[in-house]
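Survey of secondary and tertiary structure
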Amino acid sequence: MQDQVGVRSGQRHRALGMSTAGFAICFAIWTIFSIIGIQIKADLGLSDAEFGLLVGTPILTGSLSRIFLGIWADQYGGRLVFTVIMLVAAAATFLLSWATSYPVMMIAALGIGLVGGNFAVGISYVSKWYPQDQQGTALGIFGTGNVGAALTTLIAPMVLVAYGWTTVVQVWAAVLAGAAIIFWLATEDDPGIKARRESGEKPRSTLQQLEPLKNQQVWRFSLYYFFVFGAFVALVLWLPKYLIDVYGVDLKTAGLLAAGFSIPASLFRAYGGRLADQYGARKVMYVTFSVALVCLFMLSYPQTDYVIYGTKGPIAFSTSMGLVPFVVTTFILGFFMSLGSAAVYKHIPVYYPDNVGSVGGLVGMIGGLGGFVLPIAFGAMLDVTGIWTSCFILLFALVGVAFAWMHVAVRQMEQQAAGKELSQLPAFPEMQHVHKPEVDRETRGNVLNVWNPEDETFWTEQGAKIARRNLWISIPCLLLAFAVWMVWSVVIAKLPVIGFNYSTDQLFWLAALPGLSGATLRIFYSFMVPIFGGRLWTTLTTLSLLIPAFGIGYAVQNPDTPYFIFLVLSLLCGLGGGNFASSMANISFFFPKSQKGNALGLNAGLGNLGVSVMQFLIPVVITVGVFGVLGGGPQIAQTGEELWLQNAGFIWVPFILLSSVLAWLGMNDIASAKASFAEQAVIFQRKHNWIMCFLYTGTFGSFIGYSAGFPLLSKIAFPEVDSLKYVFLGPLIGAASRAATGWIADKWGGGRVTFWTFLLMVIAVLGVLYFLGIKDQPGAFWGFFAMFMLLFLATGIGNASTFQMIPVIMRKEVTRLMPGLPANEQLRNADKESAAIIGFTSAIAAYGAFFIPKAYGSSIDMTGAPNAALWGFMIFYVICAVVTWFYYTRRGSLLHDIERGVKDAAPVHATA
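The structure displayed is predicted, hence computed values, not measured ones. Residue numbering note: each chain is counted from 1, following its sequence as written. Owing to the predicted nature of the model, reporting of local features is limited to residues with pLDDT of at least 70; listing and counting of side-chain atom pairs is limited to 80 or more, with chain, interface and lining totals taken over all residues. Based on all heavy atoms of the structure, the side-chain values leave hydrogens and waters out of the count.

**Regarding the overall build of the protein chain**
Just so we agree on the cut-off: Helix and strand assignments follow DSSP, with helices taken as H or I runs no shorter than four residues and strands as E runs no shorter than two, numbered in order from the N terminus. Burial classes: relative accessible area under 20% of the type maximum marks a residue as buried, over 50% as exposed, and values in between as partly exposed (1.4 Å probe, protein chains only). Two residues form a contact once any of their heavy atoms are found within 4.5 Å. Calculation of accessible area relied on Shrake-Rupley with a 1.4 Å probe; when residues are assessed, cover is drawn exclusively from the protein chains displayed.
For the protein chain, the count of helices and strands is 42 helices and seven strands. Across the 912 residues in the protein chain, those meeting the buried criterion constitute 60%. Summarising the internal contacts of the protein chain: among those between residues at least 6 apart in sequence, 82% fall at separations of at least 24. When the accessible surface of the protein chain is totalled, it reaches about 34,100 Å², and 66% of it is carbon and sulfur.

So this is what it looks like as structure tokens:
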């Protein structure tokens, strides 16, 4: 069979097959030191640093040479360059067998490393045989030559044990030389070289070949490859030593188990190329980075031994990952790294068809340098920290940076393309809606390109169903965020019982710090949804809750855990607090003005319910060994009771994982909601942004602050009452009232409801002060408790009403500030600013979770009672009521006529 340019399929397949086989042998030589280096280290008495340098030197040579070898392949033909490099490397490999000193071995290692540069040559050679829609698959198949690393880890240990490392080197050199001769005889020059020779055209100069390297995009691709390939090579070299030293296996077993990582990271590269051709390279990269983050997080946790001194003697257990889970996790990691390696090289022929050699060479060089730099970094980090898993911690940070850069770049590209000629975008599968306009462009996968909830027809036929699905997935994610954020409010009440001797002020600090960090994170989270997209950001922020959940579970099991560790974990719980800002901003985009109050009330109210769920659930689960031996043994309380306080953290883990999966699979991004930080930063110029920050601090700041401080305050004020059985009712009432009363603000107006709410809060605080003053009398606790329930009820109503005010205020203000814009543009700007303000006000208000518990602690420390703090809160509510009346509810104020039906907030309708 022959195509339109005279290339037969048999020629293509032979070129691809021989290139792949040749590259597999090259890769086996390139990683030979991962096995023989261990014996050489023992023979020469090398240090860990010297061993790392010896192992990494071939990787360095192979990496640095890739860019030049890629250019030469474009200029002189991949077939010639590929053959010559194999012969030169075979000679250097044979020389190594005669080396007896470290310097001579280093010289031989430099020559051996050239064989790794053949990757860039092969990429250039193979890509010229295939059309663009098949290049991903073809290059993926070629990349499976990485399996040569497995050939070395599987076969070399047996040869080494039987005959010595010099025999391994000599056999490998002979095989490489034979492969070079077979490759030359079985292949032919690629079509590009043939056509150029027939036309007499001169090859492009080196400077012309290097021209694309000035593009930032090329360096971004290089960072991806630094992880997916560089980290793969580094782990191939590092894992045998890791397995021997950490798990105590012998060399042959280490080689076999290391193959469990290298084989999937090689063979499935072909499948990655096919997926990139079929579904798009970017989608494959998103999945690769997501799974890698999870796997590396699991691998990063160091081996930790705990000893609990119980009544029947010490109870010891370990949190280390066993050998089998380790091998399984590395297998999964290797599989997805192989998909990512293929996806990276799918980009290059599409963007740079005339510079595959130079661009592919640079990307390959940076990736190969990862294989050189990372093993050295692994050794250095091990020397400095003494923690074996430090290598995985480094890779976790690396993939996090690559993931963030990729997503920001993709979003920027889509924003820039929106106002340009879309047909100029690369023809990736995920961009086919651009190149084929007949394809439905309203909903493409998880991205909603057309979203107009104010259009009644659109809302009824399409919008309502999508919006509600996103809302009902968002709610459990937010509920878990609140549960993790406020978990210390219950944990601190139990710490003294199991042997943690902390003062009252120290305990209040632990309750207050999540509020401080959560509020600070909200400032940044407020602007993330338009930048990253609600679907991805919700998934990532929900997954981030695993960090404090696991941390608390491990830390509370040992009474000797330093107070500093608890302070850090307390701050990390703020990751849950930050989620509220982005969640509310995201949901606000989905609903029309007439339903925003109710939708935001449901999202926030049922999300706030996480505090109550947590305060009800934790006192129950800590009395039972829910997770068996996996969760660790119990702690013995002062009363002799067995408690599993670690369940306060561990209980959320399965729900966090499930909710993250639901968010990724079921939520949507709204294309029109995209905006940079600079576009959103206009809210800092809006007067009403700052006013609403002040008012929302009075409502939500009170709710979250009282939720954090109420359990400990009740225990201190009424020590004779087992108040932990009842405190969950406060956040429950506050959350439920927020979810159930959003319609009141929609009907009567948020300004009016907010004003009366603050007056109710003043009355409730006076009631709390009254019952604290008679706390020695019968029934005082129940009066105190009832007044706090009234206070929680008021905060919930106020939370819903203040958020209902924001979209109405901004529609009124945008009409005044931007009178020249069409109605639909005014609406779009009003919605964007409303979302940003909702997020930002929630950030400022969340500081209440810090200041209220801290105010209690300071008041008790200075006066012996919390009364001074409560008087301060009451005065603040009076000021909030006055501000609400002056700006929004008195006659002539901004919302007076709108809330009474005299006027409507313009713009009323938006054109499609």
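**Considerations on the packing of helix 34 (residues 687-717) against helix 38 (residues 780-817)**
Our working rule: Angles here are taken between N-to-C directions and fall from 0 to 180 degrees, while the axes themselves are lines fitted to C-alpha atoms, restricted in helices to the stretch in contact. An angle counts as roughly parallel when it lies under 35 degrees, as roughly antiparallel when it exceeds 145, as roughly perpendicular when it falls between 65 and 115, and as oblique in every other case. Definitions for this section: a left-handed crossing has its near helix turned counterclockwise from the far helix by less than a right angle. A right-handed crossing has that turn clockwise.
The contact between helix 34 and helix 38 brings their axes to 9 Å, and the two run at 155°. One finds that helix 34 runs roughly antiparallel with respect to helix 38. In the packing of helix 34 onto helix 38, the handedness of the crossing is left-handed.

**A closer look at helix 24 (residues 504-525)**
To keep it simple, the criterion reads: Take the residue count of a helix, subtract one, and multiply by 1.5 Å to get its expected span. A residue's bend is simply the angle between two axes: one fitted to the seven residues ending at it, one to the seven starting at it.
For helix 24, which comprises 22 residues, the first-to-last C-alpha distance of 32 Å matches the rise-based estimate of 32 Å (1.5 Å per residue) to within 8%. By the largest-angle criterion, Ala512 marks the main kink of helix 24, which is about 30°, and a proline, Pro514, follows within four residues.

**What about the packing of helix 4 (residues 66-76) against helix 5 (residues 78-96)?**
As a reminder of what qualifies: Residue type decides the class: Asp, Glu, Lys and Arg count as charged, Ala, Val, Leu, Ile, Met, Phe, Trp, Tyr, Cys and Pro as nonpolar, and the leftover types, Gly among them, as polar.
Axis separation between helix 4 and helix 5 bottoms out at 7 Å; the angle between their running directions is 135°. Considering the angle they form, helix 4 stands oblique to helix 5. Between helix 4 and helix 5, the residues in contact are Leu69, Trp72, Ala73 and Tyr76 and Gly78, Leu80, Val81 and Ile85, respectively. The residue inventory of the contact of helix 4 with helix 5, partitioned by class, reads seven nonpolar, one polar and no charged.

**Some details on a nonpolar patch on the surface**
Spelled out, the test is: Like charges are joined within 9 Å and nonpolar side chains (Val, Leu, Ile, Met, Phe, Trp, Tyr) within 5 Å, but only among residues with over 30% relative accessible area and no salt bridge; these make up the patches. A pairing counts as a salt bridge when a side-chain nitrogen of Lys or Arg comes within 4 Å of a carboxyl oxygen of Asp or Glu.
Taken together, the side chains of Phe68, Trp72, Tyr76, Leu80, Val84, Leu87, Val88, Ile181, Trp184 and Leu185 define a hydrophobic patch exposed on the protein surface, amounting to about 1,000 Å² of accessible area. Those elements that provide at least two residues to the nonpolar patch are helix 4, helix 5 and helix 10 (165-186). Top contributing element to the nonpolar patch by residue count: helix 5, with four residues.

**Quick word on the nonpolar core**
Note on soluble globular proteins: their nonpolar side chains tend to be buried together. Condition: Residues belong to a common nonpolar core when they are buried Ala, Val, Leu, Ile, Met, Phe, Trp, Tyr or Cys residues joined through side-chain atoms within 4.5 Å.
Judged by nonpolar contacts, the single largest core of 264 residues is most densely connected at Phe227, Trp488 and Phe788. Not counting chain neighbours up to four residues away, the residues in contact with Phe227 comprise Phe232, Phe289, Ala292, Leu296, Met337, Leu395, Leu398 and Val399.

**Notes on the packing of aromatic side chains**
Cut-off, in case you're wondering: Whether two aromatic rings pair depends on their centres lying within 6.5 Å, for rings of Phe, Tyr and Trp, where Trp uses its six-membered ring; planes under 30 degrees apart make the pair stacked, over 60 edge-to-face, and the rest tilted. Note on geometry: a ring has a charge over it if NZ (lysine) or CZ (arginine) is within 6 Å of the ring centre and within 35 degrees of the ring normal.
Scanning the entire structure with this criterion turns up 41 aromatic pairs. Measuring from ring centre to ring centre gives 6.4 Å for Tyr706 and Phe792, while their planes differ by 75°; the resulting arrangement is edge-to-face. Placement of the pair is Tyr706 in helix 34 and Phe792 in helix 38, with a sequence separation of 86 residues. You can call Phe792 buried: its relative accessible area is 1%. Of the aromatic side chains, those joined through ring pairs into one cluster are Phe703, Tyr706, Phe718, Phe781, Trp782, Phe784, Phe785, Phe788, Phe792 and Phe873. For Arg535, the ring lying beneath its charged end belongs to Trp664, and the centroid distance is 3.6 Å.

**Regarding the environment of Phe532**
Relative to the helices and strands, Phe532 is located in helix 25 (residues 528-532). Phe532 sits 128 residues away from Ala404 along the chain, and the two C-alpha atoms are 8.9 Å apart. Excluding residues that lie within four positions of it along the chain, Phe532 makes contacts with Ala404, His407, Val408, Arg411 and Trp537.

**Concerning the environment of Val490**
Here Val490 is to be found in helix 23 (residues 488-494). Sequence spacing of Val490 and Ile618 is 128 residues, and the spatial spacing of their C-alpha atoms is 7.6 Å.

**Here we look at the pattern of salt bridges**
The tally for this structure, following the rule as stated, stands at two salt bridges. Note that Glu188 and Arg14 form a salt bridge whose closest N and O atoms lie 3.2 Å from each other. Here Arg14 lies in helix 1 (residues 9-30) and Glu188 lies in the loop between helix 10 and helix 11 (191-199), a separation of 174 residues in the sequence. For Glu188, a relative accessible area of 21% gives the class partly exposed. Residue classification places Arg14 among the partly exposed residues on the basis of a relative accessible area of 38%. Taking the shortest distance from any N to any O, the salt bridge between Arg79 and Asp189 comes out at 3.7 Å.

**Here's the deal with helix 10**
The α-helix advances 3.6 residues per turn, and as a result positions three or four apart in sequence lie on the same side. Our working definition: To obtain the arc, one takes the directions from the helix axis to the C-beta atoms.
The terminal C-alpha atoms of helix 10, which comprises 22 residues, lie 32 Å apart, in line with the 32 Å expected from a rise of 1.5 Å per residue. Buried residues of helix 10: Trp165, Val168, Val169, Trp172, Ala173, Leu176, Ala179, Ala180 and Phe183, and no others. Across the axial projection of helix 10, the buried residues extend over an arc of 130°, all falling on one side. Among the exposed residues of helix 10, those oriented more than 90 degrees off its buried face are Ala174, Ile182 and Leu185.

**A few points about the confidence of the model for the protein chain**
Here is the rule we go by: Scored between 0 and 100, pLDDT is the confidence that the predictor attaches to each residue.
Summing up the model confidence of the protein chain, the mean pLDDT is 76 and the portion of residues at 70 or higher is 83%. Counted against residues more than four places away or in other chains, residues 427-444, with its pLDDT under 50, gives 44 contacts. The low-confidence segment residues 908-912, where pLDDT is below 50, has seven contacts with residues more than four positions distant or belonging to other chains.

**As for the side chain of Thr802**
In this structure, Thr802 sits in helix 38. If near-sequence neighbours (up to four positions away) are discounted, Thr802 is found in contact with Met692, Tyr696, Thr699 and Thr754.

**Quick word on the side chain of Ser300**
Stated formally: Any pair of N or O atoms that falls within 3.5 Å is considered a polar contact. Within protein, one atom must be able to donate a hydrogen and the other to accept it, and sequence-neighbouring residues count only if both atoms are side-chain atoms.
One can find Ser300 in helix 17 (residues 281-300). In terms of polar contacts, Ser300 uses its side chain to reach the backbone carbonyl oxygen of Leu296, at 2.5 Å. Those residues in contact with Ser300 that sit more than four places away from it in its chain are Thr389, Phe392, Ile393 and Phe396.

**Let's talk about the environment of Arg816**
Mapped onto the elements, Arg816 comes out in helix 38. Spatially, the C-alpha atoms of Arg816 and Gln826 are 9.9 Å apart, while their sequence positions differ by ten residues.

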